[in-house]
Amino acid sequence: MSEAFRNWAGNQSATPAEIRTPASAEEVARAVRDAAAAGRRVRMVGSGHSFTGVALTDGVLLRPGALTGIRETGDGEVTAAAGTTLAAFNEELHRRGLALANMGDITAQTLAGAVQTGTHGTGRHSGGLADQVTAMELVLADGEIVTVRDGGQGRIRDGVSEQDLFDAARVGLGALGVVTALTFRVEPSFLLRGDRRPMAIGDVLGSLDELAAGNDHLDFYWLPHTDACLVKRNNRDPGPADPPGGFRRWLDERFLENTAFGALCALGARLPGLIPRLNAVSAAALTASARTDASYRIFATVREVRFLEMEYAIPREHLGRALRETRDLIERRGWRITFPIEVRVTPPSGAWLSTAYGRPSAYIACHVYRATPNPAYFEEVEEIMTGLGGRPHWGKLHTRDAAYLSAAYPRFADFRALRDALDPGRVFANDYLDTVLGSASRP
């Protein structure tokens, strides 16, 4: 049988024994019970935007394409089926005059996939997607369908409270249950003013605290082998809207940031010695721009050039040191890196396995062109990040295991205890979860 699932980057694939496309929580429950009875494992995939093997299975693979759409709207909350993409969800919210407070820059992911892997944006006061979830519907390993809500006082079963399962399952990696619906806290639609300006990396490093404190959403990219950064400041704006015209949007989002950048990456792959000069050309082309538009249109970007990515969350106070050490490492090792390094910040999170759990966090994301992987680059940057107490993004490449992660997350043992209680037979396990959570079940 040929592979049935391949991720966006092309570095992960699966050939399951069976594929199902459930259209309801009841059909998911039936699939889970059938898998358990047959001694098979089961996973629900998303849209394939994780670089790790978090979604893979050799057992029953559930596709999310029939679990889509808005279920309910009211009282500052919206409930949607788990397979709804962020792009579709945001369009529906906007049509209803609503919006998420914050989001990442990719909208191809399913809601469940993005939340379960801890997808985040950048924000001074607003956290990642999991921090905007107020309730979840899950199918447990025995086929029971449960709904858990923030502040809920119920008990799922002996030793498992509703609140604990909510806090654990928000970033649950699919290890505690199959998510079939999510409820998000929403607010009235708002405009963002997106301001993009080139700055020297020395100036950025010298004003990190001011930049982070002075903007609703700060995101910046440093271009290796240059002193150039592109700093993106997104702030709420009373309007009026001032979106780019159709041609300008195509020029910026399609041609310059994808077609032309992809051509530079391909040239650099053939002639790596040219990369510093190619990056210098890119740096010289950076210009200031600004636009005001509906929030989700400012948050989102178009990513067509295929890449591999590693991202670490570190304590916010270590950001300057981490960037300086990464810059020095690249130059010392003589690597030729085409892709910019991206930096974002978030407030603390209450989700047990959120990379921002319990601390203000900064994120450093390293990318390489898909055609020219550089494992040594990721491994040595990873050493810098882990030396600063870093936590790897669950959906992006890393080499950490349960031994490391148990020390990095204060509630890690509690999460594993919940997993033992809810899935002792490891119906939802796979190789990735065996590595990051450990494979042993409860005696």
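**What to know about empty space enclosed by the protein**
The gaps left among the atoms become clear once a water-sized probe is rolled over them.
Moving on, step 1. Tallying each qualifying case throughout the model produces four cavities of 30 Å³ or more.
Moving on, step 2. Of the voids in this model, the largest cavity is the one considered here, and its volume is about 690 Å³.
Moving on, step 3. As for the largest cavity, its lining consists of 49 residues, and the residues nearest its centre are His 49, Ser 50, Gly 113, Ala 114 and Thr 117.
Moving on, step 4. Breaking the lining of the largest cavity down by element, the ones donating at least two residues are strand S4 (42–44), helix H3 (111–116), strand S13 (178–185), strand S19 (307–315) and strand S20 (341–346).
Moving on, step 5. Looking at the lining of the largest cavity element by element, the count peaks at four residues for H3.
Moving on, step 6. Its residues assigned to classes, the lining of the largest cavity shows 18 nonpolar, 23 polar and eight charged.
Moving on, step 7. Here the second largest cavity defines a volume of roughly 120 Å³.
Moving on, step 8. As for the second largest cavity, its lining consists of 14 residues, and the residues nearest its centre are Asp 105, Thr 122, Asp 219, Asn 234 and Phe 299.
Moving on, step 9. Those elements giving two or more residues to the lining of the second largest cavity turn out to be strand S16 (217–222), strand S17 (228–237), helix H9 (295–299) and S20.
Moving on, step 10. Here the residues of the lining of the second largest cavity are counted per class, giving three nonpolar, six polar and five charged.

**Details of the packing of aromatic side chains**
For any pair of aromatic rings, the description consists of the separation of the ring centres together with the inter-plane angle of the planes.
Moving on, step 1. Applying the stated criterion across every chain yields a total of nine aromatic pairs.
Moving on, step 2. A centroid spacing of 4.8 Å and a plane angle of 85° characterise the contact between Phe 261 and Phe 339, whose relative ring orientation is edge-to-face. Of this pair, Phe 261 sits in helix H7 (residues 246–270) while Phe 339 sits in the loop between helix H10 (319–333) and S20, placing them 78 residues apart in sequence. Here Phe 261 and Phe 339 have matching classes, each one buried.
Moving on, step 3. These aromatic residues form a ring-pair network of at least three members: Trp 8, Phe 51, Phe 261, Phe 307 and Phe 339.
Moving on, step 4. Positioned above the aromatic ring of Tyr 409 is the side chain of Arg 391, whose terminal nitrogen or guanidinium carbon lies 4.8 Å from the ring centre.
Moving on, step 5. The aromatic ring of Tyr 404 is capped on one face by Arg 400, whose charged end is 5.1 Å from the ring centroid.

**Re the side chain of Asp 167**
Moving on, step 1. Mapped onto the secondary structure, Asp 167 falls in helix H4 (residues 162–169).
Moving on, step 2. Ignoring sequence-local partners within four residues, the contact set of Asp 167 consists of Gly 350, Ala 351 and Trp 352.

**With respect to the pairing of strand S15 (residues 191–200)**
Moving on, step 1. Bridge count between S15 and S17: ten bridges; the pairing is antiparallel. Counterpart to Asp 195 in the pairing with S17 is Arg 233.
Moving on, step 2. Here S15 runs beside strand S18 (residues 289–294); their pairing, made up of six bridges, is antiparallel. Among the inter-strand pairings, Asp 195 is bridged to a residue of S18, identified as Ala 290.

**Let's talk about helix H8 (residues 275–285)**
Moving on, step 1. Three or more residues of H8 are buried, namely Ile 275, Leu 278, Asn 279 and Ala 283. The buried residues of H8 occupy an angular sector of 145° when the element is viewed end-on, so they sit on one face. When the buried face of H8 is taken as reference, the exposed residues oriented beyond 90 degrees from it are Arg 277, Val 281, Ala 284 and Ala 285.
Moving on, step 2. Contact partners of the buried residues in H8: S17 and H7.

**Observations concerning the sheet that holds strand S7 (residues 77–81)**
Moving on, step 1. The five strands lie next to each other as S6-S7-S13-S9-S10, forming an open sheet whose pairing is antiparallel. Lying at the two open borders of the sheet, with one neighbouring strand each, are strand S6 (70–74) and strand S10 (145–149). Averaged over all neighbouring strand pairs, the angle between strand axes comes to 15°, with direction disregarded.
Moving on, step 2. Pairing of strand S9 (residues 133–139) with S10 involves five bridges; the strand directions are antiparallel. Residue Met 136 lies in a different strand from S10, and its bridge partner there is Val 148.
Moving on, step 3. Contacts from helix H2 (residues 86–95) reach S6, S7 and S13 within the one sheet, and its direction differs from that of S7 by about 145°.

**A few points about the pattern of salt bridges**
Moving on, step 1. Inspection of every chain in the model, using the stated rule, returns 32 salt bridges.
Moving on, step 2. Glu 144 is the salt-bridge partner of Arg 157, the closest N and O atoms lying 2.7 Å from each other. Of this pair, Arg 157 sits in strand S11 (residues 155–157) while Glu 144 sits in the loop between S9 and S10, and the two are 13 residues apart along the sequence.
Moving on, step 3. A relative accessible area of 25% means that Arg 157 is categorised as partly exposed.
Moving on, step 4. Connected through shared salt-bridge partners, Asp 105, Arg 303, Glu 309, Glu 311, Glu 342, Arg 344 and Lys 396 make up one network.

**Side note on the packing of H10 against helix H11 (residues 375–387)**
When two helices pack together, their arrangement is given by the angle between the helix axes and the distance between those axes.
Moving on, step 1. At their nearest, the axes of H10 and H11 sit 10 Å apart, and the two run at 145° to each other. For the crossing formed where H10 meets H11, the hand is right-handed. On H11, the residues touching Ala 322, Glu 325, Thr 326, Leu 329, Ile 330 and Arg 333 of H10 are Ala 376, Tyr 377, Glu 380, Val 381, Ile 384 and Met 385.
Moving on, step 2. When grouped by side-chain class, the residues that make up the contact of H10 with H11 number eight nonpolar, one polar and three charged.

**Details of helix H13 (residues 412–422)**
Three or four residues apart is the spacing at which side chains of an α-helix point the same way, because the helix has 3.6 residues per turn.
Moving on, step 1. Among the residues of H13, those classed as buried are Phe 412, Phe 415, Leu 418, Arg 419, Asp 420 and Leu 422.
Moving on, step 2. If you follow the buried residues of H13, they end up packed against S11, strand S12 (160–161), H4, helix H12 (402–408) and helix H14 (431–437).

**Regarding the sheet that holds strand S5 (residues 60–62)**
Moving on, step 1. The sheet built from three strands is open, its strands ordered S3-S5-S4 with parallel pairing. Each edge of the open sheet is held by one strand with a lone partner, namely strand S3 (18–20) and S4. Direction aside, the axes of adjacent strands within the sheet are offset by 20° on average.
Moving on, step 2. By the bridge criterion, three bridges tie S3 to S5 in an arrangement that is parallel. Note that in S5 the partner of Arg 20 across the bridge is Leu 62.

Basis of the calculations
Residues numbered from 1 in each chain as written. Predicted model: local features only at pLDDT ≥ 70, side-chain atom pairs only at ≥ 80, totals over all residues. Heavy atoms only, no water. 1 Å grid on protein atoms, 1.4 Å probe; cavity = no way out; pocket = protein on both sides within 12 Å on 5 of 7 lines; lining within 4 Å. Points joined across faces, edges and corners; volume = space filled by probe spheres on them. Helix = DSSP H or I, 4+ residues; strand = E, 2+ residues; numbered from the N terminus. Nonpolar A, V, L, I, M, F, W, Y, C, P; charged D, E, K, R; others polar. Phe/Tyr/Trp six-rings, centres within 6.5 Å; stacked < 30°, edge-to-face > 60°. Buried < 20%, exposed > 50% of the residue type's maximum accessible area, 1.4 Å probe, protein only. Lys NZ or Arg CZ within 6 Å of the ring centre and 35° of its normal. Contact = heavy atoms within 4.5 Å. Pairing = 2+ DSSP bridges. Arc of directions from axis to C-beta. Axes fitted to C-alpha atoms, helices over the stretch in contact; angles between N-to-C directions. Salt bridge = Lys/Arg side-chain N within 4 Å of Asp/Glu carboxyl O. Left-handed = near helix turned anticlockwise from the far one by under 90°.

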